[in-house]
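# A closer look at the structure
Read off the chains here:
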Amino acid sequence: MKCNKLVDAGRRQFLRGGAVAGVGAAAAMMTGVQAQAATPGAQLDYPSTKLANIADLAINDPVDIEFPDADSPGILLKMGEAVEGGVGPDGDIVAYSVLCPHKGWYLNYNGEDRTLNCPGHFSRFDTEVGGQQVWGHATQNLPQFTLRVDDSGDIYAEGASDLIFGRPSNVL
Amino acid sequence: MAYKRQIDRLPIPPKDAKVHNVTCHYCIVGCGYKAYTWDRNKQGTMQDNALGIDLSEQQGANGVWMAPSMYNVVKQDGKDVHLAVIPDEDCVVNSGLGSIRGARMAENRPSTVTGTQQQRLSDPLVWRNGVHQPTSWDDALDLVAQVTARVVTEGSEDDLVVSMFDHGGSAGGYENTWGTGKLYFESMKVKNCRIHNRPAYNSEVHSTRDMGIGELSYQYKDYELTDTIFMVGANSLETQTNLFLNHMVPGMRSGARFIMVDPRRSVTVNAAEDVAGKENVLHLSIKPGSDMALFNAIFTEIVSKGWVDADFIASSTFQGGIAVAEDEAHPAALGSLEEAMKATNMSLADAAEICGVSAEDIAKAAAWIAEPKDGERRKCVTAYEKGIIWGNDNYRTIGALVNIALVTGNVGREGGGVCRLGGHQEGYYRPSDAHVGRPAEYVDQLLINGGGKVHHIWATDHYKTTLNASQFKRVHKKRADMVKDAMDAAAGGSRADLVDAIVGAVNAGGLFVVDVDIIHSQIGANAHVVLAACEANEMNLTSMNGERRLRLSEKYMDPFGNSRPDCLIAAAVAQNMERVLTDMGNADYAAQFKGYDWETEEDAFMDGYHQGNPDVTYERLRAMGNNGVLEPVIGYENGELIGTEREYADGKFTRHGREDQKALFCAAGWRGWQAAGKAEEEAKYDFWINNVRANIFWQSQFLDQDNDFIQDRFPYPFIEMNADDMAGLGISAGDLIEISNGNGATQGMAYPVETAKSGQVAMVFGSPAGSQGNIVSPGVNELVLPDYKHTWGNIRKLANATPRTKAVSFKSKEYTA
């Protein structure tokens with residue numbers, strides 16, 4: 001069952017430079033701060049990147065995002081019921097990297113069973129179970145972004161659960 | 001909860017990191033990896049590093065990436081060093097692809113720093129004062145030799161039962177099969193022995209060998225050059241992952257069609273449909289056990305249509321009736337095409353009835369395999385594995401499949417081959433096993449019936465990987481406990497008192513058990529002595545993969561604790577036997593245990609494999625890198641070993657050892673269920689219990705029982721089931737269920753699968769948390785090959801989903817575009 005419409009729309013947005021303005025600038029600023037730090041922290045400092053406002057989200061209607069920087073595409077999803085790692089009043093908003101942690105292919109979202117699927121080598125991940133790999137070759141589950149929702153309903157990404165494909169450090 | 005690694009940064013290997021060739025030791029494909037090791041206090045930079053890429057840039061799809069699972073801190077020459085094990089882009093086997101198993105090799109190394117694989121054995125253990133206690137090698141080996149020497153001299157070598165791996169990779173390989181082989185087949189002539197996954201010492205593919213064709217004759221490249229991939233009873237996307245992704249997928253992209261014979265729809269079928277298009281994939285979902293009828297109908301159809309390679313048949317196959325008569329050692333006659341056809345004749349209609357697929361689809365399969373294409377002979381690779389190897393009527397069924405390849409001339413040719421896909425890599429080099437006989441002793445039954453007094457076990461866990469396991473475990477434990485009780489009663493006495501107590505117990509029906517393994521396994525719980533082994537890359541190890549690609553996988557770390565290579569353990573057992581037998585005044589017998597003065601695994605390699613293959617040395621293999629050389633090695637020129645691209649390219653067939661070098665056809669007459677008890681079991685129970693394998697821990701499950709990422713996904717063995725069947729039994733996703741029949745019972749976690757047929761379930765094989773072998777009947781074929789695949793049972797719910805199983809995804813495993 002193919003369900004590429006949303007993903008294709010999202011991918012076009014991504015290729016245009018991102019669905020949310022200002023992301024690249026935020027990431028670049030943070031990279032600069034880290035490079036100047038005399039004593040790097042034991043843990044990474046992630047940018048706090050605004051992804052969207054809750055009002056912008058519809059159930060099972062994915063929004064393409066970039067986090068922690070413009071080279072790291074992701075997906076923001078409102079699932080409609082509380083899920084693992086979900087934020088917001090309904091505990092149902094999640095975000096994941098969409099670079100397959102096997103070989104870095106861009107994952108497709110299947111809205112029918114709410115999985116992210118890799119066209120390269122057939123791996124798939126469950127967006128309702130914390131990005132767990134349902135089946136595949138990756139040696140980790142999908143990096144899930146740590147989200148915060150402020151009083152105005154703005155959603156921010158501020159961390160990641162796992163290393164993002166193609167980089168030795170989530171913040172480059 | 002999905003397992004999160006909570007790692008967001010990794011050390012960078014510096015440019016001067018040591019680089020080691022690594023062949024993944026888990027499955028038969030043997031993907032190439034590079035291991036980098038470097039000092040604890042050193043690191044590379046984003047621009048200046050061992051990977052030679054600018055790490056400050058996001059790598060694109062297919063780029064080089066070190067995942068957290070590819071990293072660890074291990075001991076090397078006694079020091080803690082960083083380790084990264086990364087897929088090798090220059091290896092022709094995998095071209096930089098990692099599998100979910102191989103890409104965790106680093107993480108699955110024992111580390112006292114990161115705490116990984118703390119289940120690994122660091123020292124020998126001995127049963128002492130009611131528990132397994134750590135001890136020295138001298139103490140453990142002395143007890144093994146004292147008891148073994150007493151028993152085999154007071155009785156005979158037939159009182160020593162040996163279970164031992166025969167494979168490559170992992171803890172196998174040419175070094176270790178030679179060490180164990182020399183001990184049991186040269187110093188001794190042990191005939192009561194068996195292999196790691198079956199209850200006798202036999203080939204899994206006797207018939208193809210008897211027909212003259214070794215089971216690994218092609219090269220993986222043939223999948224890229226063929227017109228049709230004909231796969232039977234295998235699931236390559238899961239069990240030969242990068243063979244499928246890196247060779248079969250390109251073949252299909254170049255136009256190859258794909259035929260799958262399997263009652264179950266697997267992820268391999270789904271992926272093939274995605275790559276080749278549904279119109280180019282034919283899934284023959286036959287009734288369980290009916291493969292031979294299908295093959296015979298395809299064979300008959302091909303011959304009747306004249307789609308045969310007449311020149312090849314005339315020049316390369318036996319002419320003139322029967323060459324080998326059916327007898328106790330040959331479950332079918334072998335001979336000419338005409339002779340075979342007398343037994344194999346099968347109409348499309350009859351096969352359709354037996355197999356439960358349409359006559360049209362069978363005819364279509366025959367056409368896809370053999371109908372000339374553009375006026376030329378059609379090329380077809382035939383690939384098979386456990387579906388028929390552990391299936392109904394092993395000898396004849398495999399023979400019937402090989403018949404199809406032979407009659408179409410698809411052996412020894414580009415884009416052809418009729419090969420098993422395999423499980424482990426291969427690495428067999430031992431003295432002759434002719435004394436074992438054929439049929440070989442059914443060793444599990446021998447032990448169950450009270451035979452044997454001493455049981456040496458090498459990297460074999462019958463608790464998880466034998467048939468009739470429920471009964472086997474009960475008896476093995478009972479007999480081992482007799483010895484444990486005797487040892488406990490002799491506590492505090494001298495070594496002589498202890499040996500007397502043990503010998504007394506085994507003479508009264510007990511069993512003295514020595515287990516050699518890298519972990520304290522389930523059968524190891526019955527052991528009286530446990531010897532701690534190491535595995536590939538903790539030692540140098542040579543093996544060949546499923547296309548006979550021989551490589552040296554290099555040592556990059558120390559064995560864990562005081563563990564040792566199996567070959568050196570075998571040598572130490574031999575040396576202790578020599579000493580003890582000498583002390584017993586048995587000098588002649590003691591002399592048989594000389595010749596083990598090996599310091600290293602390389603010494604064992606030179607003593608064994610090198611003697612039969614004088615061109616091959618460690619130094620030369622090291623120079624051949626991760627691409628190695630395709631066996632058999634036929635020379636050494638200009639600094640390179642010269643191998644063999646394909647076997648039988650000259651049309652001369654040798655595997656059977658016949659002087660005429662002609663291949664034989666198999667008179668594979670269909671006879672329904674072959675093994676005793678299968679038909680009755682099928683009639684009695686509600687569900688066919690298929691046993692299957694899973695990508696995620698294929699050939700690594702023994703280590704993955706201590707891997708959080710894996711245990712998070714499948715905390716219990718999965719049992720794939722039809723959703724309506726589940727509803728009928730009141731079972732929900734993740735519920736713990738029991739499968740039982742007259743042989744025993746086992747447990748697992750219900751996993752609903754849309755495409756599962758009603759009345760058929762698929763349980764993962766070999767799980768430490770629920771052994772499918774518990775419910776497999778003892779029925780075997782004439783040559784003691786088990787039919788694990790044909791098991792029936794009833795199912796009931798044991799318990800509601802636990803918190804762990806509730807947290808698991810139960811979505812379809814099939815990729816959707």
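Residues numbered from 1 in each chain as written. Chains lettered and ligands numbered in written order. Predicted model: local features only at pLDDT ≥ 70, side-chain atom pairs only at ≥ 80, totals over all residues. Heavy atoms only, no water.

## Considering the overall build of chain B
If you tally the helices and strands in chain B, you get 28 helices and 30 strands. Expected size for 817 residues packed as a compact globule is a radius of gyration near 28 Å; at 26 Å, chain B falls within 12% of this value. C-alpha extents for chain B along the principal axes are approximately 75 × 65 × 65 Å. A buried classification covers 67% of the 817 residues belonging to chain B. (Helix = DSSP H or I, 4+ residues; strand = E, 2+ residues; numbered from the N terminus. Rg over C-alpha atoms; globule rule 2.2 N^0.38 Å. Buried < 20%, exposed > 50% of the residue type's maximum accessible area, 1.4 Å probe, protein only.)

## Examining the sheet that holds strand 8 (residues 132-135) of chain A
Residues and elements named next belong to chain A. Across the sheet, which stays open at both edges, the four strands sit in the order 5-6-7-8 with antiparallel pairing between neighbours. Only two strands of the sheet have a single partner each, and these edge strands are strand 5 (108-110) and strand 8. Averaged over all pairs of adjacent strands, the angle between strand axes in this sheet comes to 35 degrees, irrespective of strand direction. Relative to strand 7 (residues 124-126), strand 6 (residues 115-117) is paired through three bridges, and the arrangement is antiparallel. Within strand 7, the position partnered with threonine 115 by the bridge is aspartate 126. (Pairing = 2+ DSSP bridges. Axes fitted to C-alpha atoms, helices over the stretch in contact; angles between N-to-C directions.)

## A short note on the environment of Ile737(B)
Residue and element names in this part refer to chain B. Along the chain, isoleucine 737 falls in strand 27 (residues 736-741). Accessibility expressed as a relative area gives 0% for isoleucine 737, which makes it buried. If near-sequence neighbours (up to four positions away) are discounted, isoleucine 737 is found in contact with Ile719, Met721, Ile731, Thr746, Gln747, Gly748, Ala750, Ile795, Arg796, Lys797 and Leu798. (Contact = heavy atoms within 4.5 Å.)

## A look at unusual backbone geometry
Residues other than glycine predominantly adopt negative phi, and peptide bonds predominantly adopt the trans conformation. Following Arg438(B), the chain continues into Pro439(B) via a peptide bond in cis, with omega recorded as 0 degrees. A cis amide bond, omega -5 degrees, links Glu631(B) with the succeeding residue Pro632(B). Along the chain, Pro632(B) turns up in the loop between strand 21 (629-630) and strand 22 (635-637). If you check the backbone angles, Asn60(A) has positive phi at about 60 degrees while not being a glycine. Mapped onto the elements of the fold, Asn60(A) is located in the loop between strand 1 (49-53) and strand 2 (63-66). The backbone of Gln699(B) shows a phi angle near 70 degrees, a positive value even though the residue is not glycine. Here Gln699(B) shows up in the loop between strand 25 (687-692) and helix 25 (701-704). Look at Gln699(B) and you get buried, because its relative accessible area is 14%.

## A short note on the sheet that holds strand 2 (residues 32-39) of chain B
Within a beta sheet, neighbouring strands are joined by backbone hydrogen bonds and run either parallel or antiparallel to one another. All names here are of chain B. Here we have four strands laid out as an open sheet, ordered 1-2-4-3, and antiparallel in their pairing. On the outer flanks of this sheet lie strand 1 (18-23) and strand 3 (71-76), each paired with one strand and no other. Each neighbouring strand pair of the sheet contributes to a mean axis angle of 35 degrees, computed without reference to strand direction. Relative to strand 4 (residues 79-87), strand 2 runs antiparallel, the two being bridged by seven bridges. Its bridge partner being in strand 4, tryptophan 38 is matched across the sheet by histidine 82.

## As for the pattern of salt bridges
Residues and elements named next belong to chain B. With the rule as written, the count across this model stands at 55 salt bridges over all chains. Among the salt bridges present, the one from arginine 420 reaches glutamate 204, with a minimum N-O distance of 2.8 Å. Note that arginine 420 is positioned in strand 15 (residues 418-420) and glutamate 204 in the loop between strand 8 (193-194) and helix 3 (206-210), a separation of 216 residues in sequence. Between arginine 265 and glutamate 273 there is a salt bridge; the shortest N-O distance is 3.0 Å. Classification of arginine 265 as partly exposed rests on a relative accessible area of 23%. Judged by relative accessible area, glutamate 273 falls into the buried class, the value being 15%. (Salt bridge = Lys/Arg side-chain N within 4 Å of Asp/Glu carboxyl O.)

## Section: the environment of Gly91(A)
Following the sequence through the fold, Gly91(A) ends up in the loop between strand 3 (73-78) and strand 4 (93-97). For the pair Gly91(A) and Met79(A), spaced twelve residues apart in sequence, the C-alpha to C-alpha distance is 8.9 Å.

## With respect to the side chain of Asn781(B)
Residues and elements named next belong to chain B. Residue placement: asparagine 781 occurs in the loop between strand 29 (760-764) and strand 30 (792-799). Only 2.8 Å separates the side chain of asparagine 781 from the backbone nitrogen of leucine 783, close enough to count as a polar contact. Polar side-chain contacts of asparagine 781 include one of 2.9 Å to the backbone nitrogen of leucine 785. Look past the residues within four positions of asparagine 781 in its chain and what remains in contact with it is Asn394, Tyr395 and Gln674. (Polar contact = N/O pair within 3.5 Å; in protein donor to acceptor, adjacent residues only side chain to side chain.)

## Looking at the environment of Ala171(B)
All names here are of chain B. You can see alanine 171 is positioned in the loop between strand 7 (160-164) and helix 2 (173-187). For alanine 171, a relative accessible area of 7% puts it in the buried group. Expressed as a C-alpha distance, the spacing of alanine 171 and isoleucine 518, which sit 347 residues apart in the sequence, is 8.2 Å. Excluding residues within four positions of it along the chain, alanine 171 makes contact with Phe165, Asn176, Cys534, Glu535 and Asp566.

## Some words on the packing of aromatic side chains
Here the structure, examined in full by the defined rule, presents 26 aromatic pairs over all chains. Ring geometry for Phe165(A) against Trp65(B): centres 5.0 Å apart, planes inclined by 55 degrees, an arrangement best described as tilted. In this pair, Phe165(A) is assigned in the segment after strand 10 (154-160) and Trp65(B) in the loop between strand 2 and strand 3, connecting two distinct chains. An identical accessibility class is assigned to Phe165(A) and Trp65(B); each is buried. Aromatic pair Tyr218(B) and Tyr223(B): ring centres 5.3 Å apart, planes at 70 degrees, arrangement edge-to-face. Among the aromatic residues, those joined into a cluster by ring pairs are Tyr174(B), Trp178(B), Tyr429(B), Phe605(B), Tyr609(B) and Tyr618(B). The ring of Trp137(B) is capped by Arg564(B), whose NZ or CZ atom sits 4.2 Å from the centre of that ring. Seen from the ring of Tyr751(B), Lys813(B) lies directly overhead, with NZ or CZ sitting 4.7 Å from the centre. (Phe/Tyr/Trp six-rings, centres within 6.5 Å; stacked < 30°, edge-to-face > 60°. Lys NZ or Arg CZ within 6 Å of the ring centre and 35° of its normal.)

## Describing helix 14 (residues 394-407) of chain B
Residues and elements named next belong to chain B. The first and last C-alpha atoms of helix 14 sit 20 Å apart over 14 residues, in line with the 20 Å expected at 1.5 Å per residue. Helix 14 sits mainly inside the fold: 14 of its 14 residues count as buried. Phi for glycine 409, located one or two positions after helix 14, is positive at around 70 degrees. (Expected span 1.5 Å × (residues − 1).)

## Quick word on helix 11 (residues 348-355) of chain B
All names here are of chain B. Taken together, the buried positions of helix 11 are Ala351, Ala352 and Cys355. Buried residues of helix 11, viewed axially, fall in a sector of 105 degrees; they line one side. Turned more than 90 degrees away from the buried face of helix 11, the exposed residues are Ala349 and Glu353. Tucked into the core, helix 11 has its buried residues touching helix 8 (291-305) and helix 12 (359-370). Count one or two residues on from helix 11 and you reach glycine 356, which has phi positive near 75 degrees. (Arc of directions from axis to C-beta.)

## Examining the confidence of the model for chain A
Summary statistics for chain A give a mean pLDDT of 84 and a share of 78% for residues scoring 70 or more. Low pLDDT (under 50) marks residues 1-35 of chain A, which in the prediction has 49 contacts with non-local residues, meaning those over four places away or in another chain. (pLDDT = per-residue confidence, 0-100.)

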